[in-house]
Amino acid sequence: MTKVAVLGSGSWGTAFANVLADAQVADVRLYGRRADVVDAVNQRHENPDYFPGVELNPNLTATSDPVAALEGARFVVLAVPSQSLRDNLTAWRAHIPEGAAVVSLMKGIELGTMRRMSDVISQTLDIAPERVVCVSGPNLAGEIAERQPATAVVACPHEPTAVELQHLCKSSYFRPYTSTDLVGVELGGAVKNVIALAVGVAVGMGFGDNAKASLITRGLAETVRLAVALGASEHTLAGLAGMGDLVATCSSPRSRNRTVGEKLGSGMTPDEVLAATRQTAEGVKSSEAILALARANGVDMPITEAVVGMMRNEFTPAQALMAFMSRSAKPERYGL
Ligand SMILES: NC(=O)c1ccc[n+]([C@@H]2O[C@H](COP(=O)([O-])OP(=O)(O)OC[C@H]3O[C@@H](n4cnc5c(N)ncnc54)[C@H](O)[C@@H]3O)[C@@H](O)[C@H]2O)c1
Ligand SMILES: O=P(O)(O)OC[C@H](O)CO
């Protein structure tokens with residue numbers, strides 16, 4: 001059986017490891033930092049912190065020893081916060097098997113370097129981009145842990161590697177497609193978190209579906225502008241890792257990013273919101289990196305700019321709305 005190591009036993013690491021175990025074609029080992037989580041997965045087949053009452057596949061085993069998790073792995077799946085990926089990888093690097101493909105589940109851009117996660121992986125591990133895979137799409141971990149139906153995209157510049165992972169994670173409730181457009185898939189996943197923050201702000205301010213649909217649609221337009229400028233195909237952004245994920249995240253009260261925005265829109269300060277947020281809401285930090293990337297490439301991203309301004313406490317949600325609505329009148333454009 002193909003061995004897969006999943007490093008990170010938070011929300012998505014646990015749910016994706018369970019997808020792999022349910023697909024029944026891989027031997028899956030989940031690494032977690034906390035002994036109590038590892039014990040609960042092994043003994044009670046449950047991760048009570050994230051999915052209380054959800055029964056995980058009994059064949060899914062967990063360990064708090066990353067070396068044991070990584071031994072003999074053909075795929076190494078990474079499910080940690082984007083901003084901690086580089087440090088985590090540096091600690092794990094020596095134990096990642098030669099020739100293993102490395103899979104990013106992250107949806108963020110590194111602060112400071114403006115790098116996509118696949119870039120951070122290739123650079124830190126000194127491996128070719130063809131060995132790096134990204135899985136993304138409309139994948140709210142809670143729904144997937146409950147085995148509700150979902151689709152995703154498995155992206156890798158080396159298509160046979162994407163197909164190999166596709167077979168390992170295809171199950172009765174999880175349907176993965178493949179793509180070779182790693183740039184488009186990663187940017188779709190990272191930018192949708194920022195747009196979901198903006199939609200949350202609108203919800204928190206008490207606005208309705210017109211405002212949400214407007215932000216989703218114009219959010220997609222600015223995502224496409226950035227992604228195409230960086231070499232992605234605009235078709236990728238019309239697919240599951242673009243529009244699909246944007247719609248799921250912006251519509252779901254389960255989204256951490258939308259929830260952060262909602263609190264901001266309802267009058268909490270950025271500091272109060274962050275103090276009340278326990279899980280990873282990638283858009284908070286990645287919005288800064290995405291805005292920097294956009295500016296470096298001459299791309300206009302007004303919604304991202306508004307989110308950054310609100311998170312920096314430079315202006316209020318009401319001022320951000322006013323700035324957005326009073327932009328100059330122009331023809332509708334999608335993409336560049
Ligand atoms: N939760 C989802 O629904 C979902 C779905 C798709 C993609 N993602 C992406 O997956 C990535 C991980 O998200 P998550 O939801 O699993 O996050 P989480 O907060 O639920 O879990 C993060 C995990 O990383 C571990 N970790 C390792 N180093 C860490 C550090 N330095 N700081 C904090 N935690 C550290 C934590 O112990 C925890 O197990 C994010 O990029 C997120 O955007 C999440
Ligand atoms: O809870 P969020 O906002 O991190 O979104 C989770 C997933 O990325 C949705 O696909």
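Cut-offs and rules
Residues numbered from 1 in each chain as written. Chains lettered and ligands numbered in written order. Predicted model: local features only at pLDDT ≥ 70, side-chain atom pairs only at ≥ 80, totals over all residues. UniProt positions renumbered as here; feature names shortened; annotations may be inferred. Helix = DSSP H or I, 4+ residues; strand = E, 2+ residues; numbered from the N terminus. Expected span 1.5 Å × (residues − 1). Buried ≥ 20, exposed ≤ 12 C-beta atoms within 10 Å, placed from the backbone. Contact = placed C-beta atoms within 7 Å. Near = placed C-beta within 6 Å. Nonpolar A, V, L, I, M, F, W, Y, C, P; charged D, E, K, R; others polar. Domains from an automatic or database assignment. Pairing = 2+ DSSP bridges. Right-handed = clockwise from strand over helix to strand, strands pointing away.

The name an unreviewed UniProt entry assigns to the protein chain is Glycerol-3-phosphate dehydrogenase [NAD(P)+], from the organism Haloactinospora alba. Listed under Sequence similarities (unreviewed entry) in UniProt, the entry text for the protein chain is "Belongs to the NAD-dependent glycerol-3-phosphate dehydrogenase family."

### A word on helix H1 (residues 11–23)
Its 13 residues place the ends of H1 19 Å apart at the C-alpha level, agreeing with the 18 Å of an ideal helix rising 1.5 Å per residue. Most of H1 sits out of view: 12 of its 13 residues are buried. The set of residues buried in H1 consists of Ser 11, Trp 12, Gly 13, Thr 14, Ala 15, Phe 16, Ala 17, Asn 18, Val 19, Leu 20, Ala 21 and Asp 22. For H1, the elements touching its buried residues are strand S1 (2–7), strand S2 (26–31), strand S4 (75–78), helix H6 (141–145), helix H7 (159–169) and strand S8 (174–179).

### Considering the site of ligand 2
Surveying the vicinity of ligand 2 reveals the residues Lys 107, Pro 138, Asn 139, Leu 140, Asn 193, Ala 196, Asp 245, Ala 248, Thr 249, Ser 255, Arg 256 and Asn 257. Examining the composition of the shell around ligand 2, we find that 3 residues originate from one element, helix H11 (residues 240–251), more than from any other. In terms of residue class, the shell around ligand 2 is made up of 4 nonpolar, 5 polar and 3 charged. Residues from two domains meet in the shell around ligand 2; each of domain 1 (2–180) and domain 2 (183–325) gives at least three.

### Topic: the pairing of S8
Of the pairings in the sheet, the one linking strand S7 (residues 150–155) to S8 comprises 6 bridges and is parallel in character. Pairing of Ala 152 across the sheet is with Pro 176, part of S8. Read as a crossover between parallel neighbours, the route from S7 over H7 to S8 is right-handed.

### Notes on the site of ligand 1
Around ligand 1 sit 24 residues, and of these Gly 10, Ser 11, Ser 84, Met 106 and Ala 141 come closest. Sorting elements by how many residues they give to the shell around ligand 1 places H1 first, with 3 residues. When the residues that make up the shell around ligand 1 are grouped by side-chain class, the tally is 8 nonpolar, 13 polar and 3 charged. Residues from two domains meet in the shell around ligand 1; each of domain 1 (2–180) and domain 2 (183–325) gives at least three.

### Comments concerning the UniProt feature "binding site: NAD(+)" (unreviewed entry) in the protein chain
According to UniProt, the feature "binding site: NAD(+)" (unreviewed entry) maps to Gly 8, Ser 9, Gly 10, Ser 11, Trp 12, Gly 13, Ala 141 and Arg 256 in the numbering used here. Looking at the secondary structure, you find Ala 141 in helix H6. The class for Ala 141 is buried, based on 24 C-beta atoms found within 10 Å. In contact with Ala 141, other than residues within four places in its own chain, are Ser 11, Trp 12 and Ala 15. Arg 256 sits in the buried class, given 24 other C-beta atoms within 10 Å. Among all residues touching Arg 256, those that are not within four sequence positions of it are Thr 277, Gln 279, Thr 280 and Ala 281.

### Thoughts on the domain arrangement of the protein chain
Under the domain assignment, the protein chain is made up of domain 1 (2–180) and domain 2 (183–325). Just the C-alpha atoms count here: the centres of domain 1 and domain 2 sit 25 Å apart. Each side of the interface is counted separately: domain 1 has 25 residues, and domain 2 has 28 residues. Secondary structure elements with two or more residues in the side of domain 1 that touches domain 2: helix H5 (117–125), strand S6 (132–136), S7 and S8. For the side of domain 1 that touches domain 2, the element with the highest residue contribution is S7, accounting for 4 residues. Residues that form the side of domain 1 that touches domain 2 fall into these classes: 12 nonpolar, 10 polar and 3 charged.

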